[in-house]
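Chain by chain, the residues:
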Amino acid sequence: MRLGFTRKDGLDRVLTAWKSPGDPSSGAFTYRINRTGFPQLILYKGLTPWWRTGSWTGLGWSGVPGMSRRRGSSISRSSFVNNQDEVSLTNRVTDASVLTRMMVNETGNVQRLIWVATEKRWNVFWSVPKEECDNYAHCGLN
């Protein structure tokens, strides 16, 4: 999976929530790398920032404790590119036997899910925001 944009042609790869679990038309939330300032992933509700990752540290996003390369290495590995051609984040599965997907749901949660074959269902492995104060500028400047 790759999120981000190319600088030359403007191609923008984003995740967009469905309107509802039964309606696949575009919902209110999008998850994308912002085009201004230092790149970071931002979850938007419409045009309003809803949640953000912070900056890329080389191992993970500064605002997402526990999402470092070391923690996720059994499932996926992230790489970040910021050069004259593109700004992007790529996630690659490290174990071919694992099925995983990332999505934004209709309520504004970014989720990483893992397929549990024995139960024939998707299990939420990781989700943000977790608490009310995780939402962008909800509990003050910090």
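Residues numbered from 1 in each chain as written. Predicted model: local features only at pLDDT ≥ 70, side-chain atom pairs only at ≥ 80, totals over all residues. Heavy atoms only, no water.

Caption draft 1: View of unusual backbone geometry. Of the consecutive residues Val-128 and Pro-129, the connecting peptide bond is found in the cis state with omega at -10°. As for its placement among the helices and strands, Pro-129 is situated in the segment after β11 (121-128). The phi angle at Lys-120 is positive, at roughly 50°, despite the residue not being glycine. Topologically, Lys-120 is positioned in the loop between β10 (110-116) and β11. Taking relative accessible area as the criterion, Lys-120 reaches 67% and is therefore assigned exposed. (Helix = DSSP H or I, 4+ residues; strand = E, 2+ residues; numbered from the N terminus. Buried < 20%, exposed > 50% of the residue type's maximum accessible area, 1.4 Å probe, protein only.)

Caption draft 2: A look at the pattern of salt bridges. Scanning all chains against the criterion turns up four salt bridges. Here Arg-2 ties to Glu-86 by a salt bridge, and the two come within 3.8 Å at their closest N and O atoms. With Arg-2 in strand β1 (residues 2-6) and Glu-86 in strand β8 (residues 86-93), this residue pair connects regions lying 84 residues apart in the sequence. The exposure class of Glu-86 is buried, given its relative accessible area of 16%. Here Lys-8 ties to Asp-85 by a salt bridge, and the two come within 3.5 Å at their closest N and O atoms. One end of the pair, Lys-8, is in the loop between β1 and β2 (12-13); the other, Asp-85, is in the loop between β7 (76-82) and β8, with 77 residues separating them in the sequence. By relative accessible area, which is 72% here, Lys-8 ends up exposed. (Salt bridge = Lys/Arg side-chain N within 4 Å of Asp/Glu carboxyl O.)

Caption draft 3: Structural view of the pairing of strand β5 (residues 41-45). In terms of burial, β5 is a largely internal element, four of the five residues being buried. Direction of pairing for strand β4 (residues 23-33) relative to β5: antiparallel, over a ladder of five bridges. What sits directly across from Arg-32, in β5, is Ile-42. Bridge count for β5 against strand β6 (residues 48-52) is four bridges, and the pairing is antiparallel. Note on β6: the bridge partner recorded for Ile-42 is Arg-52. Here β5 hands over to β6 after two residues, with Gly-46 in that stretch at a positive phi of 65°. (Pairing = 2+ DSSP bridges.)

Caption draft 4: Region of the structure containing the UniProt feature "domain: YDG" (unreviewed entry) in the protein. The positions that UniProt labels "domain: YDG" (unreviewed entry) are, in the present scheme, residues 1-35. Between the end C-alpha atoms of residues 1-35 there is a gap of 19 Å, over a span that is 0% helix and 69% strand. (UniProt positions renumbered as here; feature names shortened; annotations may be inferred.)

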